[in-house]
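Below, each chain spelled out in residue letters.
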Amino acid sequence: VNIAIDLMTSVRLDPIPSGVEILSEDMGLGARADSWEALVPGGPLDLVIRTVRFCGANGVRVVTASAAPPGSGLGASSSLLVALLAALLRRQGLAVTTERLVDLAARLEAQSIRVPTGKQDYYAACGGGVNAIWFRVAGDTVEPLPATRDFLEALESRLLLAFTGQAHFSGSPNWQTMRAYLDGVEETVGAMRRIKEIALAMYEALWHGDLERFTVLLGEEWAHRRRLAPGVSTLFVERLMAAAAACGARASKLCGAGGGGCMVTVVEEGSRERVAAALAAEGATVLPFQIARRGLRVHVKRGRSP
C-alpha cells in the first residue's frame, strides 16, 4: 500500500552544441564529458550518469532537482530516475510507458547500489495518488484506491512527516532482511508474514476510509518491521518516537527500509503543532507535504529539443 506525496523531483533537458553536462541543483554537484561514452560512473551522481550512458545522450545538459533530503527514505532517487528516463526516452522519440520505465529503473538502480531493488517507489512516481500495488507471478498490478477528497484531507491533517537527520541507505537493511528470510531466521520470517497481513488489512482500511484502523495498523507495522534486521531502528529513532508519543502521536514508523531517513507519524486531532515542536526539539526536521494527486508529467517546449 503506497501513498505518493508532493516532495517532487524534476529533470530538465537543455540542448547544447556538443557533449554532455549534468547538474544537480539540490546537491550542488556536476559532471561534464565530451560524450556519454566518456562519462565515468561512480560518486553521488552515479545513478544519473548510468542512466545518461544507457540512453546514449549527447548534446544535452541534464539539470536535476529534488525537494526531499538526501537519504530520506522517501523514494526520491526512484522518482528522479523515473523522471530522467521519461525525459531521455521522449527526447529519443521512444515510447514512455509505466511498464518500461519501472523495468528499466529497477535494473539501473540495482546496478548502481549493487543489491536487488523493489519497484513500489517507481510505480508511485509514475502514477501518484493512493494505491495498492500487487506483485503477482503473472505480473504487477497497480490498483488506485477510491479515497474520497474528505478522507484525503483528513489523512493529510493527521499525518506528520519528519526527517530524522540520519541518512538512510535501503540496500543494507533490505539485503540483511532478505538473507535472514532465505536462511529461515524465525523472527524475520514471522515478521515478514505479519507485515503482509497488515498490508492487506491496511488495503481494506483505506478502501473503506477507516482512519482509526489505518492508525492502529501503521503502528503495528513498525512493531514488526523493526524486528526484521539489526539497524532497521536506531536509539535516536526510538527517542524521536517516544517524544512524539508524549505529545499526542498515535503511531509512527520509518519510511522505506528503515535505518534512518524520514519518519511518518499519525497525530491526535489538535496535537499536530505540539508533536512537530517536540520532534524539532529532538533534532528532527518537519517536512510539509500533501498527498500527490497525480504522478509523472513530461512537458516539451516547442521549437527546441525536449
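Up top is the structure.
What you see is a predicted model; the values in this text were computed from it and never measured.

Rules used throughout
Residues numbered from 1 in each chain as written. Predicted model: local features only at pLDDT ≥ 70, side-chain atom pairs only at ≥ 80, totals over all residues. Heavy atoms only, no water. Helix = DSSP H or I, 4+ residues; strand = E, 2+ residues; numbered from the N terminus. Rg over C-alpha atoms; globule rule 2.2 N^0.38 Å. Buried < 20%, exposed > 50% of the residue type's maximum accessible area, 1.4 Å probe, protein only. Contact = heavy atoms within 4.5 Å. Areas by Shrake-Rupley, 256 points an atom, 1.4 Å probe, with all protein chains shown as cover. Lys, Arg positive; Asp, Glu negative; His and termini not counted. Charge placed at Lys NZ, Arg CZ, Asp CG, Glu CD. Phe/Tyr/Trp six-rings, centres within 6.5 Å; stacked < 30°, edge-to-face > 60°. Pairing = 2+ DSSP bridges. Axes fitted to C-alpha atoms, helices over the stretch in contact; angles between N-to-C directions. Polar contact = N/O pair within 3.5 Å; in protein donor to acceptor, adjacent residues only side chain to side chain. Parallel < 35°, antiparallel > 145°, perpendicular 65-115°, else oblique. Left-handed = near helix turned anticlockwise from the far one by under 90°. Nonpolar A, V, L, I, M, F, W, Y, C, P; charged D, E, K, R; others polar. Arc of directions from axis to C-beta. Core = buried A, V, L, I, M, F, W, Y, C linked by side-chain atoms within 4.5 Å.

Trainee: Help me out: how do you make sense of the overall build of the chain in this one?
Mentor: Secondary structure summary: the chain contains 10 helices and 11 strands in total. Computed over the C-alpha atoms, the radius of gyration of the chain is 20 Å, within 12% of the 19 Å expected from 2.2 N^0.38 for a compact globule of 306 residues. Dimensions of the chain, computed from C-alpha atoms along their principal axes, come out at roughly 60 × 45 × 40 Å. For the chain, the residues scored as buried account for 46% of the 306 residues in total. Across the chain, every contact between residues at least 6 apart in sequence was considered, and the portion connecting residues at least 24 apart equals 68%. A total of about 15,200 Å² of accessible surface is found on the chain, and carbon and sulfur atoms cover 52% of it. Taking the 33 positively charged and 31 negatively charged side chains of the chain as two groups, their mean positions are separated by 5 Å.

Trainee: When you look at the environment of I16 in this model, what are you seeing that I'm missing?
Mentor: Residue placement: I16 occurs in the loop between β2 (9–15) and β3 (20–24). Using a relative accessible area of 11% as the deciding quantity, one classes I16 as buried. Each C-alpha atom of the pair I16 and A249 lies 51 Å from the other, and the pair is 233 residues apart in sequence. Setting aside residues no more than four positions away along its own chain, I16 makes contact with E21, G59, V60 and R61.

Trainee: Help me out: how do you make sense of the packing of aromatic side chains in this one?
Mentor: Each aromatic ring pair is summarised here by two numbers: the centre-to-centre distance and the angle between the ring planes. If you walk through the whole model with that rule in mind, you get three aromatic pairs. Summarising the aromatic geometry, the rings of W134 and Y203 are spaced 5.2 Å apart at their centres and angled 75° between planes, so their arrangement reads as edge-to-face. Taken as a pair, W134 in strand β6 (residues 130–136) and Y203 in helix α7 (residues 186–207) lie far apart in primary sequence, 69 residues in all. Relative accessible area serves as the criterion here: at 21%, W134 is assigned to the partly exposed category. These aromatic residues form a ring-pair network of at least three members: W134, Y203 and W207.

Trainee: Looking at this structure, how should I read the sheet that holds strand β10 (residues 262–267)?
Mentor: Two strands in a sheet stick together by hydrogen bonds in their backbones, pointing the same way (parallel) or opposite ways (antiparallel). The sheet built from four strands is open, its strands ordered β9-β10-β8-β11 with antiparallel pairing. Two strands bound the open sheet, and with one partner strand each, they are β9 (249–254) and β11 (285–286). In the sheet, strand β8 (residues 159–163) pairs with β11 via two bridges, with the strands oriented antiparallel. In the strand pairing of β11, F163 is matched with T285. Each of β8, β9, β10 and β11 is contacted by helix α10 (residues 272–281), which is oriented at about 10° to β8, the strand it contacts most.

Trainee: How do you make sense of the side chain of D14 when you look at a structure like this?
Mentor: Locating D14 in the fold gives a position in strand β2. Assessed through its relative accessible area of 10%, D14 is described here as buried. In terms of polar contacts, D14 uses its side chain to reach the side chain of R12, at 3.0 Å.

Trainee: Explain the packing of helix α1 (residues 46–55) against helix α3 (residues 98–113) here, please?
Mentor: Packed helices, taken two at a time, are described by their axes: the angle between them and the distance between them. Orientation of α1 relative to α3, taken along the N-to-C sense of each, is 125°, at an axis distance of 9 Å. Our classification of the angle between α1 and α3 gives oblique. Here the hand of the crossing between α1 and α3 comes out right-handed. Only L104, L108, E109, Q111 and S112 of α3 make contact with α1, whose side of the interface consists of D46, L47, R50, T51 and F54. Classifying every residue of the contact of α1 with α3 by side-chain character gives four nonpolar, three polar and three charged.

Trainee: Would you explain the pairing of β9 in this entry?
Mentor: Looking along a regular strand, one sees side chains alternate from face to face of the sheet. Within β9, five of the six residues are buried, which leaves the element mostly enclosed by the surrounding structure. Examined bridge by bridge, β9 and β10 share five bridges and lie antiparallel to one another. Across the sheet, residue A249 finds its bridge partner in β10, namely V267.

Trainee: Explain α10 here, please?
Mentor: Note on helix geometry: an α-helix contains 3.6 residues per turn, so any two residues three or four positions apart are oriented the same way. Among all positions in α10, only V275, A276, A278 and L279 are buried. End-on, the buried residues of α10 take up no more than an arc of 160°, which puts them together on one face. Exposed residues lying more than 90 degrees from the buried face of α10 are E273 and A281. In this structure, the buried residues of α10 make contact with β8, α9 (235–246), β9, β10 and β11.

Trainee: I keep staring at the nonpolar core and nothing clicks. Help me out?
Mentor: Most often, soluble globular proteins have nonpolar side chains that are buried together. Counting 34 residues, the largest nonpolar core has I22, V52, V62 and L85 as the members making the most contacts within it. When contributions to this core are tallied by element, the ones reaching two or more residues are β3, α1, β5 (60–66), α2 (76–91), α3 and α4 (120–127). The greatest single-element share of this core, amounting to nine residues, is contributed by α2. Setting aside chain neighbours within four positions, we find I22 in contact with L29, G30, A31, L39, L45, V48, I49, V52 and V62. Core analysis: the next-biggest nonpolar cluster, separate from the first, contains 27 residues, V130, A205, L206 and V264 among them.

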